[in-house]
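# Working through the structure, step by step
Read off the chains here:
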Amino acid sequence: MIPPSVLPTLDALMPWIDKARLSGEEGGNRCRDRACQIQAVNDYQAIQVWLREYQQSADTHRTYRREAERLLLWCVFQQQKALSSLQREDFDAYFTFLTDPQPTALWCTQGKVRNVKRGAATWRPFVNGLTVSSLGVSKAAISSLFNYLVSANYLAFNPLVLMKGRHRTATTATATALLHQETVLEPKLWDHFIHTLHTMPDGSPHERDEKCRMTLLVYCLFYLGLRPIELARQPMNNFYQVKGEWWYRVVGKGDKAATLPVPDTLMRALKQARLQWGLTAEPNNDDVSPIIPSWHSKEGLNRRSLHRLLKELAQQAAETWDTSPEEQEVFHRVSAKWLRRGLATRLTAMNVDKRLVQNTLRHDSYDMTLRYIAKDRTQWRNTINDLPLTEVGG
């Protein structure tokens, strides 16, 4: 099939699939001897069922949708073969294609175009050929898709399990780790992100207001591991002092209340911001002014505005990073969850007791570990307090 000048997104792909007669309804790898456990008669529907399993995890859903979209586009416009007919050799061709998508004018973003809306005339499935780590993410996502469809009796077999050597598929544990890596900035990108924050202009009062607010946002999300909803429109008196040490009270998922240690670095940023905004250096129990203020409302920034603000910083970081287009593209995907996961990654790399990591992030196992955490309270606070913001401690 001759492809269009602009490839369709996954949502608009079905008419092209029908036109090419590649729906997969008669796919060579369809399971015929057991009842299918999902409501899907073709490959497109099967992919949609699989994606719906991840609707509650935005980052994973976005990654899986992207990889399914790329694979299905390749099936229709490059390999001209239904997804449910793909064999082991097809994936050799596909993974080679991912490292150098050709023709680039059709498959890859041209020039320095960024933040293109999906489906726009300048949108492309790739920025460039995939790096080794990105290729690993792709393999993990596709393997997850095929394993799911085999378990659902939609496909008879996952051909990726036959692959060895450089194209071998990831184990479940490896796949999870690879997908996690894609939602954590690697050290050099994280350091550039923080450098961008620290070098924001501060020549005018408004610029100093903005820099203080952005710094406080990043530090709260990173050092406290907060979800955006746990910071949006929250009052200053969430910070409180006990015997000279600062703590942060938070109510998280499932209305679970928790107390988190506030490191000195965050406390200094808080004091600097408060003084810049005409407040006392330290909040007291009656201070209900917002932690992350809005310049237009007394209520402070909502969750969506926090997300937008963080995206603005990530955009600035991308614009000043010219080492590689693919790494530049990573900055455009940064969200608050990346900072939270970055905290977990850094703590784990420092060999911090996993109970302290679980406690800091307030995972579902928090209540189970609470009785063990109490005796480590001082160690927990000291660990967070000593955590450097960048790899070099800047």
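These numbers were taken from a predicted model, which means no experiment stands behind them. (Residues numbered from 1 in each chain as written. Predicted model: local features only at pLDDT ≥ 70, side-chain atom pairs only at ≥ 80, totals over all residues. Heavy atoms only, no water.)

It is worth spelling out the confidence of the model for the chain at this point. Averaged over every residue, the pLDDT of the chain is 86; residues scoring 70 or more account for 89%. The least confident element of the chain, judged by mean pLDDT, is helix α15 (residues 366–373) at 34; the most confident is helix α10 (residues 264–276) at 97. In the predicted structure, residues 169–178 sits below a pLDDT of 50 and forms 12 contacts with residues beyond four places in sequence or in another chain. Ignoring residues within four places in sequence, the model shows residues 366–376, a span with pLDDT below 50, making 13 contacts including any to other chains. (pLDDT = per-residue confidence, 0-100. Helix = DSSP H or I, 4+ residues; strand = E, 2+ residues; numbered from the N terminus. Contact = heavy atoms within 4.5 Å.)

On to the packing of helix α3 (residues 58–79) against helix α6 (residues 132–151), then. The interhelical angle for the contact between α3 and α6, taken along N-to-C directions, is 85 degrees, at an axis separation of 9 Å. The orientation of α3 with respect to α6, classified from their angle, is roughly perpendicular. Residues T63, Y64, R66, E67 and L71 of α3 form the contact with α6, whose participating residues are V137, S138, A141, I142, S144 and F146. Classifying every residue of the contact of α3 with α6 gives 6 nonpolar, 3 polar and 2 charged. (Axes fitted to C-alpha atoms, helices over the stretch in contact; angles between N-to-C directions. Parallel < 35°, antiparallel > 145°, perpendicular 65-115°, else oblique. Nonpolar A, V, L, I, M, F, W, Y, C, P; charged D, E, K, R; others polar.)

Let's shift gears to a nonpolar patch on the surface. Nonpolar side chains collect at one region of the surface, where F157, V161 and L162 lie side by side and expose about 260 Å² of accessible area between them. Checked against the element boundaries, F157 lands in the loop between α6 and α7 (172–181). (Patch = residues over 30% accessible without salt bridge, like charges linked within 9 Å, V, L, I, M, F, W, Y side chains within 5 Å. Areas by Shrake-Rupley, 256 points an atom, 1.4 Å probe, with all protein chains shown as cover. Salt bridge = Lys/Arg side-chain N within 4 Å of Asp/Glu carboxyl O.)

This brings us to the sheet that holds strand β3 (residues 257–261). Within the open sheet, the 3 strands sit side by side as β1-β2-β3. Their pairing is antiparallel. Each having just a single partner strand, β1 (239–242) and β3 make up the two edges of the open sheet. Shown here is a sheet whose adjacent strand axes are inclined to one another by a mean of 35 degrees, direction ignored. Alignment of β1 against strand β2 (residues 245–251), held across 4 bridges, turns out to be antiparallel. Looking across to β2, one finds that V242 is bridged to E245. (Pairing = 2+ DSSP bridges.)

Attention now moves to the state of the cysteines. Overall, the coordinates contain 0 disulfides when judged by the stated rule. Sulfur of C31: no disulfide; nearest cysteine sulfur belongs to C36 and is 7.9 Å away. (Disulfide = S-S within 2.5 Å.)

Where helix α9 (residues 205–223) meets α10, the closest approach of the two axes is 9 Å, and the angle between their N-to-C directions is 150 degrees. Taken together, α9 and α10 sit at an angle that is classed as roughly antiparallel. At the point where α9 passes α10, the crossing takes the left-handed sense. Packed against α9, whose contacting residues are P205, R208, D209, C212, T215, L216, Y219, C220 and Y223, the element α10 presents T265, L266, A269, L270, Q272, A273 and Q276 at the interface. Of the residues belonging to the contact of α9 with α10, the class tally is 10 nonpolar, 4 polar and 2 charged. (Left-handed = near helix turned anticlockwise from the far one by under 90°.)

For the rest of this paragraph, the subject is unusual backbone geometry. As a rule of thumb, non-glycine residues mostly have phi less than zero, and peptide bonds are mostly trans rather than cis. Cis peptide bonds are those with omega within 30 degrees of zero, and the linkage from Q102 to P103 qualifies with 0 degrees. With respect to the secondary-structure elements, P103 resides in the loop between α4 (88–99) and α5 (104–107). Phi angles above zero are rare outside glycine, and R21 is one such case at about 55 degrees. If you trace the backbone, R21 turns up in the loop between α1 (14–20) and α2 (43–52). On the accessibility criterion, R21 (76% relative accessible area) is exposed. Look at K243: it is not a glycine, yet its phi comes out positive at around 55 degrees. For K243, the position within the fold is in the loop between β1 and β2. With a relative accessible area of 84%, K243 lands in the exposed category. (Buried < 20%, exposed > 50% of the residue type's maximum accessible area, 1.4 Å probe, protein only.)

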